[in-house]
Amino acid sequence: MERLKLVLQYFQSNSESISNGICIILALVSVKLYTSFDFNCPCLPEYNKLYSLGVMFIPPIILFFLGVLVNRHTGIMMDEWMRPIGNRSKNPAVVKYLFSAMMQRALLAPLVWILVTLLDGKIFICAFSASVDPALFSGLPNNTDLNVIKIMSKVACKEDVIFKNSSFRKAVSRYVRCYSQAVGWSILLFLIVLGALGRLIKPCFDEHASFLQIRYWSNYLDVEQKLFDETCVLHARDFAQKCVVQFFEDMREDTVLHLPHPPFISHYQEDWQDGEAERLHGITKQEQVDQLLNKWYFSKPELDVTRIGHRPRTCVTWEDHKGKTLYSDV
Amino acid sequence: MDKFRMMFQFLQSNQESFMNGICGIMALASAQMYSAFEFSCPCMPEYNYTYGIGLLIVPPLWFFMLGFVLNNNVSVLAEEWKRPTGKRRKDPSILRYMFCSITQRSLIAPAVWVSVTLMDGKSFLCAFSINLDIDRFGNYSFIREMSETDKMKLLAKIPCKDLFEHQEIRVAASRYIKCISQACGWIFLLMMTFTAFLIRAIRPCFTQAAFLKTKYWSHYVDIERKMFDETCKEHAKSFAKICIQQYFENISGEMRSLHHHRRSYKNDSDDDDDEDKKRSDEDKLLGIRAQDDMNKVLWNWHTSKPALALRKEQMDGENNGRLNGEANGTINGFAKGHTHDVGKKEWAVYYSKV
């Protein structure tokens, strides 16, 4: 139980590891989908290739779109790409980094599907059994009135009667499956070599320092977006609470003498209103909230928070006899 | 049990992820229902098509409506739609946003049913076996010599294993129709995913600023409703408590009640616990102490919602009010727990700032 909580916390703490987790889940879903899918070769010369290649390539496209959809970086990248410049300069390298990260993750599940189909071999058998030369194998059934192409197309269908008591079908299946697995392993080897080369050679081309900056600011955008959403939620809650209480008190004005708050009312208000007023940050009208949200999009603030730390306070100042400015706390 | 509770807490913490959780559960329920359901084609020319296509379309409609029923936001949407304008403007984009998000979530379980049905192929086989062209599968002269009605009756029996004798035709035909069914299923999935991709990934290109606004205010409407319910509950509790207290006090005599009220509105520092609790209950009444007042509050909440503008002076001036209240309010305000029926008056507020 504790371990599960720790694992969940670890994944949630870092947005990148959440994306990786989702990516892996999608790859597992891809494998599960393949095993639960009932592959049903039509065993007809006109439709074999179409069906097989369709099953090999359409699910990867679907999985790719799904991968792009569930990835958080997609939204962040689109926001950063489309936003107006405002007070904050745009760095195209950040958008490129987010795009490549998103693509890499989204491409994993489709590749897993394609590799699993190749290594399993059913699809290749269905698609290419008609192209095999039957002379390579003995035992071609010749007691039916079907032509050779039609017979070869039926190789993928185990339970077809023309192949009873014949090892011809099994031989052709093995042959085509061999090819399929060879292609699968070659693609896997190629991809891994490509990945390794990419990792090894990249530092020669990219400045590591600028890469660190880009990675930092990509992560920053993600965190900022999350915090903005959270702040909006908290703000809405406080806004709603105040609005409701104010509504009740407005009703009271019509029937009850409205004196400046007698002690039992102000005792109640004083405790929770101080904290609430602070959390509203002075935004107390609908127009202000609309303006705030509008401004968040059209003119994001500059990345400078020194003012919060050294906020000026209202106070009285005067000079002493030496000319030095003195401040008083109010 | 503990794991289950943790998952439940995690999902509930966020309203949106709770709805996503319900969505996922319904999708799984949909897939499970399909596998548990025993598909039995009638194998008669008149009913095959109706049964096959009906099973493809009616359960998704049912799941779609169930999605609406289970979604809490539907009642929020309906309330926001029907409320009178009053002091608060109505924004149609909020209604559209809420409707879109409810619809998107409700569409997942039907989509799962349709794709599972198409991938399985049985419903297509049942519906379209009559329209098959047997010549495609081989040279079957005995079928060509049959009359039309007999041929249709024979073809209609293809989905039923135990009613159809010619195994090769049945197997070949099943394969063929199942192929087409699966192709339709994959294309359906591709279209749905592509549409979702367009909506989610391309939308930020167009209406991002307005989208942030509508998202905030839709969420606000939901939260405000919850806050109102909570405040009403607390008010009702205090109302009931004080009502019963006063009833008992009235029974036990006028003198005691007079004594109690005079004591409770002086600012005594050495009050005992009872007085503190009574004062906090009085606080929670927020000044509403009569049935008509409460009815008016509830009625006005529907017919004339307040404007979305919080009064600043309430937050800045509360310190001032407290000082004033201690000076004035105790004397003129309340006696014996009754408030005078005085109309709204102007009063002079003097500020003593420290």
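About the thresholds
- Residues numbered from 1 in each chain as written.
- Chains lettered and ligands numbered in written order.
- Predicted model: local features only at pLDDT ≥ 70, side-chain atom pairs only at ≥ 80, totals over all residues.
- Heavy atoms only, no water.
- Helix = DSSP H or I, 4+ residues; strand = E, 2+ residues; numbered from the N terminus.
- Buried < 20%, exposed > 50% of the residue type's maximum accessible area, 1.4 Å probe, protein only.
- Contact = heavy atoms within 4.5 Å.
- Areas by Shrake-Rupley, 256 points an atom, 1.4 Å probe, with all protein chains shown as cover.
- Axes fitted to C-alpha atoms, helices over the stretch in contact; angles between N-to-C directions.
- Parallel < 35°, antiparallel > 145°, perpendicular 65-115°, else oblique.
- Left-handed = near helix turned anticlockwise from the far one by under 90°.
- Disulfide = S-S within 2.5 Å.
- UniProt positions renumbered as here; feature names shortened; annotations may be inferred.
- pLDDT = per-residue confidence, 0-100.
- Patch = residues over 30% accessible without salt bridge, like charges linked within 9 Å, V, L, I, M, F, W, Y side chains within 5 Å.
- Salt bridge = Lys/Arg side-chain N within 4 Å of Asp/Glu carboxyl O.
- Lys, Arg positive; Asp, Glu negative; His and termini not counted.
- Charge placed at Lys NZ, Arg CZ, Asp CG, Glu CD.

Tell me about the overall build of chain A, residues and numbers included.
For chain A, the count of helices and strands is 12 helices and two strands. The helix and strand sequence of chain A, counted from the amino end, reads α-α-α-α-α-α-α-α-α-α-α-α-β-β. Taking all 330 residues of chain A together, 40% fall into the buried category. Sequence separation of 24 or more characterises 69% of the internal contacts of chain A that already satisfy a separation of 6 or more. Of the roughly 19600 Å² of accessible surface on chain A, a fraction of 62% belongs to carbon and sulfur atoms.

Go over the overall build of chain B, please, and point to the residues and values.
When its secondary structure is counted, chain B shows 16 helices and two strands. Expressed as a percentage of its 354 residues, the buried residues of chain B come to 40%. Of the contacts formed within chain B by residues at least 6 apart in sequence, a portion of 76% connects residues at least 24 apart. Surface accessibility of chain B: about 21200 Å² in total, with carbon and sulfur atoms responsible for 61%.

Tell me what's going on with the packing of helix α4 (residues 72-82) of chain A against helix α5 (residues 92-120) of chain A, and back it up with residues and numbers.
All names here are of chain A. At a closest axis distance of 9 Å, the pairing of α4 and α5 adopts a crossing angle of 155°. In this view, α4 runs roughly antiparallel relative to α5, as classed from their interaxial angle. Between α4 and α5 the crossing geometry is left-handed. On the side of α4, the interface is formed by His73, Thr74, Ile76, Met77, Glu80 and Trp81, while α5 contributes Val95, Leu98, Phe99, Ala101, Met102 and Arg105.

Requested: an account of the state of the cysteines, with residues and values cited.
The final tally for this structure, using the stated rule, is four disulfides over all chains. There is a disulfide in this structure between Cys43 of chain A and Cys157 of chain A, and the S-S distance comes to 1.5 Å. Measuring the twist about the S-S bond at about 105°, one finds the Cys43 of chain A-Cys157 of chain A disulfide to be right-handed. With Cys43 of chain A in the loop between α2 (15-36) and α3 (48-70) and Cys157 of chain A in the loop between α7 (148-153) and α8 (168-205), this residue pair connects regions lying 114 residues apart in the sequence. Each of the two residues, Cys43 of chain A as well as Cys157 of chain A, counts as buried. Shown here is the disulfide that connects Cys43 of chain B with Cys160 of chain B, its sulfur atoms set 1.6 Å apart. Taking the torsion about the sulfur-sulfur bond, which here is approximately 95°, the covalent link between Cys43 of chain B and Cys160 of chain B counts as right-handed. Linking Cys43 of chain B in the loop between α2 (15-36) and α3 (48-70) with Cys160 of chain B in the loop between α9 (148-156) and α10 (167-202), this pair joins segments that are 117 residues apart in sequence. The residues Cys43 of chain B and Cys160 of chain B share a single accessibility class, namely buried. Once the bonded cysteines of chain B are numbered in order along the sequence, the disulfide links fall as 1-3, 2-4. Here the disulfide map of chain A reads 1-3, 2-4, the bonded cysteines being numbered as they appear in the sequence.

Kindly report on the UniProt feature "transmembrane region" (unreviewed entry) in chain B, identifying the contributing residues and their values.
All names here are of chain B. The UniProt record annotates "transmembrane region" (unreviewed entry) at residues 21-37, 49-74 and 180-199. End C-alpha atoms of residues 21-37 are separated by 24 Å, and the span's content is 94% helix alongside 0% strand. Between the end C-alpha atoms of residues 180-199 the distance is 29 Å, and the span holds 100% helix and 0% strand.

Can you break down the confidence of the model for chain B residue by residue, with the values?
Residue and element names in this part refer to chain B. When pLDDT is averaged across chain B, the result is 75; 71% of the residues are at 70 or more. The weakest mean pLDDT in chain B belongs to strand β1 (residues 334-335) at 38; the strongest belongs to helix α6 (residues 108-120) at 93. pLDDT under 50 marks residues 313-354. Its contacts with residues more than four places away, or in other chains, come to 49 contacts. In the predicted complex, the global pTM is 0.73; the interface-specific ipTM is 0.73.

So what's going on with the packing of α3 of chain B against helix α5 (residues 92-106) of chain B? Residues and values would help.
Residue and element names in this part refer to chain B. Between α3 and α5, the shortest axis-to-axis distance is 8 Å and the interhelical angle comes to 130°. Between α3 and α5, the interaxial angle falls into the category oblique. Along this stretch, α3 crosses α5, giving a crossing that reads as right-handed. Residues Phe64, Gly67 and Phe68 of α3 touch α5, and the partners they reach there are Phe99, Ile102, Thr103 and Ser106.

For a positive patch on the surface, give the residues involved together with the corresponding values.
On the surface, Lys158, Lys170, Arg174 and Arg177 of chain A cluster together into a patch of positive charge. Tracing the sequence through the fold places Arg177 of chain A in helix α8.

Go over the environment of Glu145 of chain B, please, and point to the residues and values.
All names here are of chain B. Position of Glu145 among the secondary structure elements: in the loop between α8 (141-144) and α9. You can call Glu145 exposed: its relative accessible area is 67%. Each C-alpha atom, one on Glu145 and one on His219, is 69 Å from the other, the two residues being 74 residues apart in sequence.

Which residues make up the UniProt feature "transmembrane region" (unreviewed entry) in chain A, and what values do they have?
Residues and elements named next belong to chain A. Per the UniProt record, "transmembrane region" (unreviewed entry) is found at residues 21-37, 49-70, 106-130 and 182-201. The span residues 49-70 shows a helical share of 100% and a strand share of 0%, and its end C-alpha atoms are spaced 32 Å apart. The span residues 106-130 is 88% helix and 0% strand, and its two end C-alpha atoms sit 34 Å from each other.

Kindly report on the confidence of the model for chain A, identifying the contributing residues and their values.
Residues and elements named next belong to chain A. Residues of chain A with pLDDT of at least 70 account for 78%, and the chain-wide mean is 80. Contacts of residues 253-259 to residues separated by more than four positions or lying in other chains number 13 contacts, the stretch itself having pLDDT below 50. Segment residues 265-278: pLDDT under 50, and 21 contacts once partners within four positions in sequence are set aside and those in other chains are kept.

Provide a residue-level description of the pattern of salt bridges, including the pertinent values.
Residues and elements named next belong to chain A. Taken as a whole and assessed by the stated rule, the structure comprises eight salt bridges over all chains. Here Asp222 ties to Arg72 by a salt bridge, and the two come within 2.8 Å at their closest N and O atoms. With Asp222 in helix α9 (residues 208-255) and Arg72 in helix α4, the pair connects residues that are 150 residues apart, well separated along the chain. With a relative accessible area of 2%, Asp222 lands in the buried category. Taking relative accessible area as the criterion, Arg72 reaches 35% and is therefore assigned partly exposed. Measuring nitrogen to oxygen at the nearest pair gives 2.8 Å for the salt bridge that ties Glu224 to Arg88. With Glu224 in helix α9 and Arg88 in the loop between α4 and α5, this pair connects stretches of sequence that are 136 residues apart. In this structure, Glu224 and Arg88 share a single accessibility class: buried.

Describe in detail a nonpolar patch on the surface, supporting the description with residues and values.
Among the surface-exposed residues, Leu189, Val193, Leu197, Leu200, Ile201 and Phe205 of chain A lie close enough to one another that they form a single nonpolar patch of about 640 Å² accessible area. Mapped onto the elements, Leu200 of chain A comes out in helix α8.

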